[in-house]
Amino acid sequence: MNKTAMTGMEGSLAMAEAVRLANVDVVAAYPITPQTHIVERLAEMVANGELNAAYIPVESEHSAMSACLGSSAAGARTFTATAGQGLELMHEVLYVASGLRLPIVMGVANRALSCPLSVWGDHSDVMSVRDTGWIQIFAENGQQAFDLTLCGFRIGENEKVLFPVMVHIDGFHVSHVVEPLYLLEQKQVDSFLPPFKHPFPLDPDNPVTVGAFAVPILYTEARKSMENALRSTRPFISYVFDEFAKLSGRQYKPVEHYRTEDADTLLLTMGSYSEIAMEAVDQLRDCGEKVGLIRIRLWRPFPFGELRQAVENCQTLVVLDRCISPAGPPGPVCSEVKAALYSQKKRPNVAGFIGGLGGRDLYVPEFIQMVERGRVIAAQGGEEIEMIGVRG
Amino acid sequence: MKFTTMIEIRIHGRGGQGAVTSAEMLALAAIGTGKYAQAFPSFGPERRGAPVQAFVRVSDKPIRVRGEIKEPDVVVVLDPGLLNILDVTSGLREKGIVVVNTKASAEETKKRFMDNWPTAVVDASAIAIETIRVNIVNTTMLGAILKACDVVPMESLEEPLKHRFGGRADSNFEACKKAYETTVIA
């Protein structure tokens, strides 16, 4: 167990501190809006000599991810961070990172997308990169930003995995909040995170081509092999979470439960609103309501088994999405959850809510309202989209 | 004023006046004493001179709410000019208090702007200019906040100030202590 004292630190800086302790070799990033303090702090660390790494300032996020491809392919431990529109500008390169099986770790401070212009937090950016083939983990607070960044390197770089990893923190609600957390010592991190050894690093003396084109007779097989490989990372991800728990005393799971015992209604959240949802659950429990909370920590690979098991005994499942799929099903998380449950003989009625868009705060009353309205909507089939905390 | 559960502080300033730093210093001081605390700005693009807010929560228990503080226990005003354009007491909780940097008296400020909410005043600008040699009152006002509510002990601010201001920490801490001594509550 870690017995050091709590340190007050902004979420972005906690992630930067994890990257420093991971002794990263290369950070390539675009330093201007919508960038966060994550790479600002890393640039400072490199300049001060606190971190012996190459810091490559580039002219756009597209270039940032492109530079990361090269450094990771050469066998360097590689990190970048972005947010919102920056993630969008990276979009096409993200597929290359996973297709080449390059274990880049990226912090994403989740933000809304234009238009109207918003720099504030929601999950529009992350939902648009859902299918890029990255492992995607959600952190709810500064502590988890620190912890899961370290887990990200350990997971991605393992020879059984070799996939890039996004660690999501909610823009502003985590990235810009100073809060207490427990750091780890360098020797603890060293014992947890072995040096990165890429099995096939680029070598100027032995040139090879990577990422060549695939004709129709090959492309499908290439995608199938990647899909199989990403799916089969699941046991190792859980193993790393368990190993991290031995080191830190903090246990993460692909799907996490809060007061779910005997619950007839479950809330489901992803990201920092999980904490206020817990407060709502406590208040509802105090009133005798059998309500609990499920949090999806691992968004990709999607934790089908754990999710099905988590909700099998409840009657109503209320899902919060911080992203809208315009004129589509009620929220990307909700529609994925519904798809995962469709084949199950025993499954709850599901109600989806959309809220917390573009930095809109949700408090306990909104979650209580979601539980109450959710029971009604779910019983009616749950097809309608309901937005929470919206005027008009 | 003593708080047994969570205390929520909303700081009004103008972009560039260091409201966020005030919030961070308080939160770091509280965390240094083993409490749970949070500090964050009114999120968004920073604009020098425009009205901004920063928020602090301090609690004996882990803090789960991350939204902006709509119902503060304490409101802090770094720039008296804001009193003419903002309703700073908006949402102020029962037994709440407002802490203002102003040359005006506590009674006058309370009567004119605060709808009779308890009001603490200090001429933080004068203290800052005299002590730190710059009209930035964010650290000076920390002393006034501590006079109005015992959210953290004075000495707990020393370490965060040192960490943040290095060689200028001593004058900032001195200004903070002067403000504590000269704050008047009505």
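Since the structure is predicted, the reported quantities are computational estimates derived from the model, not experimental observations.

S.K.: What should I look at first to understand the overall build of chain A in this one?
M.R.: A tally of regular secondary structure across chain A gives 13 helices and 15 strands. For 392 residues, the compact-globule estimate of 2.2 N^0.38 gives 21 Å, and chain A sits close to it at 21 Å. Along the longest, intermediate and shortest principal axes, the C-alpha atoms of chain A span 65 × 55 × 45 Å. Split into buried and exposed, the 392 residues of chain A put 60% on the buried side. For chain A, the exposed surface amounts to about 15800 Å²; the carbon and sulfur share of it is 54%.

S.K.: Can you help me understand the side chain of A:Thr78 in this one?
M.R.: All names here are of chain A. With respect to the helices and strands, the residue Thr 78 is situated in strand β4 (residues 78-82). On the accessibility criterion, Thr 78 (1% relative accessible area) is buried. A polar side-chain atom of Thr 78 sits 2.8 Å from the main-chain carbonyl oxygen of Ala 76. Among all residues touching Thr 78, those that are not within four sequence positions of it are Val 24, Val 26, Cys 68, Ser 71, Ser 72, Ile 104, Val 105 and Phe 153.

S.K.: Where do I start with a negative patch on the surface in this structure?
M.R.: A contiguous patch of negative charge on the surface is contributed by B:Glu155, B:Glu158, B:Glu159 and B:Asp170. If you trace the backbone, B:Glu155 turns up in the loop between α4 (140-148) and α5 (158-165).

S.K.: Would you take a moment to explain the sheet that holds strand β2 (residues 26-29) of chain A for this structure?
M.R.: Within a sheet, each strand pairs with its neighbour through backbone hydrogen bonds, oriented either parallel or antiparallel. All names here are of chain A. Overall, mixed pairing links the 7 strands, which are arranged β3-β2-β4-β5-β7-β6-β12 in an open sheet. Because the sheet does not close on itself, it has two edges, and the strands there are β3 (54-57) and β12 (298-300). Direction aside, the axes of adjacent strands within the sheet are offset by 20° on average. Where β2 and β3 come together, 4 bridges link them in parallel fashion. Across the sheet, residue Ala 29 finds its bridge partner in β3, namely Pro 57. Against the sheet, helix α4 (residues 84-99) engages β4, β5 (105-110) and β7 (165-170), with an angle of about 145° to β5.

S.K.: Which parts of the structure should I look at to understand the side chain of A:Arg111?
M.R.: Residues and elements named next belong to chain A. Among the secondary structure elements, Arg 111 is positioned in the loop between β5 and α5 (124-128). Put simply, Arg 111 is tucked away with no salt bridge, and the nearest opposite charge, on Asp 125, sits 6.8 Å away. In this structure the side chain of Arg 111 is engaged in a polar contact, spanning 3.4 Å, whose partner is the backbone oxygen of Val 119.

S.K.: What am I meant to see in the packing of aromatic side chains here?
M.R.: For any two aromatic rings, the description comes down to two numbers: the centre-to-centre distance and the angle of the planes. Taken as a whole and assessed by the stated rule, the structure comprises 8 aromatic pairs over all chains. On the numbers, 5.4 Å between centres and 75° between planes, the contact of A:Phe192 with A:Phe244 is edge-to-face. Taken together, the residues A:Phe192 in helix α7 (residues 186-192) and A:Phe244 in helix α9 (residues 234-248) connect sequence positions 52 residues apart. For the pair shown, A:Phe192 and A:Phe244 are each scored as buried. Judged by centre distance (5.6 Å) and plane angle (35°), the ring pair of A:Phe236 and A:Tyr239 falls under tilted. Here A:Tyr239 and A:Phe236 lie together in helix α9, a separation of 3 residues that amounts to about one turn. Judged by relative accessible area, A:Phe236 falls into the buried class, the value being 6%. Three or more aromatic residues joined by ring pairs form one cluster here, namely A:Phe192, A:Phe241, A:Phe244 and A:Tyr252. Stacked on the ring of A:Phe192, the Lys or Arg A:Arg154 has its end atom at 5.0 Å from the ring centre. Taking NZ or CZ as reference, B:Lys147 lies 5.2 Å from the ring centre of B:Tyr180, over its face.

S.K.: Can you help me understand the sheet that holds strand β11 (residues 291-296) of chain A in this one?
M.R.: Residues and elements named next belong to chain A. Spatially, 6 strands are ordered β9-β11-β10-β13-β14-β15 in an open sheet, and the strand pairing comes out mixed. Edge positions in the sheet fall to β9 (255-258) and β15 (386-387), since each of these pairs with one other strand and no more. Inspection of the sheet shows strand β13 (residues 316-321) paired to strand β14 (residues 349-354) by 6 bridges, in the parallel sense. Each bridged residue has a counterpart across the sheet, and for Thr 316 the counterpart in β14 is Asn 349.

S.K.: When you look at the nonpolar core in this model, what are you seeing that I'm missing?
M.R.: The nonpolar side chains of soluble globular proteins are, as a tendency, buried together. In terms of nonpolar packing, the biggest core is built from 56 residues, with A:Leu42, A:Phe79, A:Ile135, A:Leu150 and A:Ile155 touching the most fellow members. Ranked by the residues each element gives to this core, the list is headed by helix α6 (residues 142-157) of chain A, at 7 residues. Dropping the residues within four chain positions of it, A:Ile135 is found in contact with A:Ile155, A:Val161, A:Phe163, A:Pro164, A:Val165, A:Met166, A:Leu230, A:Thr233, A:Ile237, A:Leu298, A:Arg300 and A:Pro301. Counting 48 residues, the second largest nonpolar core, distinct from the first, contains B:Ala27, B:Ala30, B:Ala128 and B:Leu146.

S.K.: Would you take a moment to explain the pairing of strand β5 (residues 97-101) of chain B for this structure?
M.R.: Regular strands place their side chains on alternate faces of the sheet. Residue and element names in this part refer to chain B. When you tally the buried positions in β5, you get 5 out of 5 residues, the bulk of the element. Judged by which residues are buried, β5 turns out to be covered on both faces: Ile 97, Val 99 and Asn 101 on one side and Val 98 and Val 100 on the other are all buried. Taken together, the 4 bridges between strand β4 (residues 74-77) and β5 define a ladder with parallel strand orientation. Paired with Val 77 across the bridge in β5 is Val 100. Crossover β5 to strand β6 (residues 119-122) through helix α2 (residues 106-113) is right-handed.

S.K.: Any chance you could explain the domain arrangement of chain A here in plain terms?
M.R.: Accessible area lost upon the coming together of the parts is a frequently used measure of interface size. Residue and element names in this part refer to chain A. Examined at the domain level, chain A breaks down into domain 1 (6-248) and domain 2 (256-387). Averaged C-alpha coordinates put domain 1 and domain 2 at centres separated by 28 Å. At the interface, 29 residues of domain 1 touch 28 residues of domain 2. Of the roughly 2300 Å² buried between domain 1 and domain 2, counting both surfaces, carbon and sulfur atoms make up 55%. When the buried surface of domain 1 facing domain 2 is broken down by residue, Met 127, Glu 140 and Arg 234 rank first, second and third, together holding 28% of it.

S.K.: What is the right way to look at the interface of chain A and chain B in this model?
M.R.: At the junction of the two partners, chain A supplies 26 residues and chain B supplies 21 residues. Both faces considered, chain A and chain B share a buried interface measuring about 1900 Å² in area, 62% of it formed by carbon and sulfur atoms. When the buried surface of chain A facing chain B is broken down by residue, A:Met6, A:Val178 and A:Tyr363 rank first, second and third, together holding 29% of it. Our count for the contact surface shared by chain A and chain B stands at 4 salt bridges. In this structure, A:Asp282 and B:Arg64 form a salt bridge, with 2.7 Å as the shortest nitrogen-oxygen distance. In this assembly, chain A and chain B are joined by 9 residue pairs in polar contact (both at pLDDT 80 or more). Contributions of two or more residues to the side of chain A that touches chain B are made by β1 (7-10), β8 (178-181) and α10 (273-286) of chain A. For the side of chain A that touches chain B, the element with the most residues is α10(A), which contributes 5 residues.

S.K.: What is the right way to read the environment of A:Gln309 from this model?
M.R.: Residue and element names in this part refer to chain A. Structurally, Gln 309 is set in helix α11 (residues 304-311). Classification of Gln 309 as exposed rests on a relative accessible area of 56%. Along the chain, Gln 309 and Val 255 lie 54 residues apart, while their C-alpha atoms are 9.8 Å from each other.

Rules of the game
- Residues numbered from 1 in each chain as written.
- Chains lettered and ligands numbered in written order.
- Predicted model: local features only at pLDDT ≥ 70, side-chain atom pairs only at ≥ 80, totals over all residues.
- Heavy atoms only, no water.
- Helix = DSSP H or I, 4+ residues; strand = E, 2+ residues; numbered from the N terminus.
- Rg over C-alpha atoms; globule rule 2.2 N^0.38 Å.
- Buried < 20%, exposed > 50% of the residue type's maximum accessible area, 1.4 Å probe, protein only.
- Areas by Shrake-Rupley, 256 points an atom, 1.4 Å probe, with all protein chains shown as cover.
- Polar contact = N/O pair within 3.5 Å; in protein donor to acceptor, adjacent residues only side chain to side chain.
- Contact = heavy atoms within 4.5 Å.
- Patch = residues over 30% accessible without salt bridge, like charges linked within 9 Å, V, L, I, M, F, W, Y side chains within 5 Å.
- Salt bridge = Lys/Arg side-chain N within 4 Å of Asp/Glu carboxyl O.
- Lys, Arg positive; Asp, Glu negative; His and termini not counted.
- Charge placed at Lys NZ, Arg CZ, Asp CG, Glu CD.
- Pairing = 2+ DSSP bridges.
- Axes fitted to C-alpha atoms, helices over the stretch in contact; angles between N-to-C directions.
- Phe/Tyr/Trp six-rings, centres within 6.5 Å; stacked < 30°, edge-to-face > 60°.
- Lys NZ or Arg CZ within 6 Å of the ring centre and 35° of its normal.
- Core = buried A, V, L, I, M, F, W, Y, C linked by side-chain atoms within 4.5 Å.
- Right-handed = clockwise from strand over helix to strand, strands pointing away.
- Domains from an automatic or database assignment.
- Buried area = accessible area lost by both parts, 1.4 Å probe.

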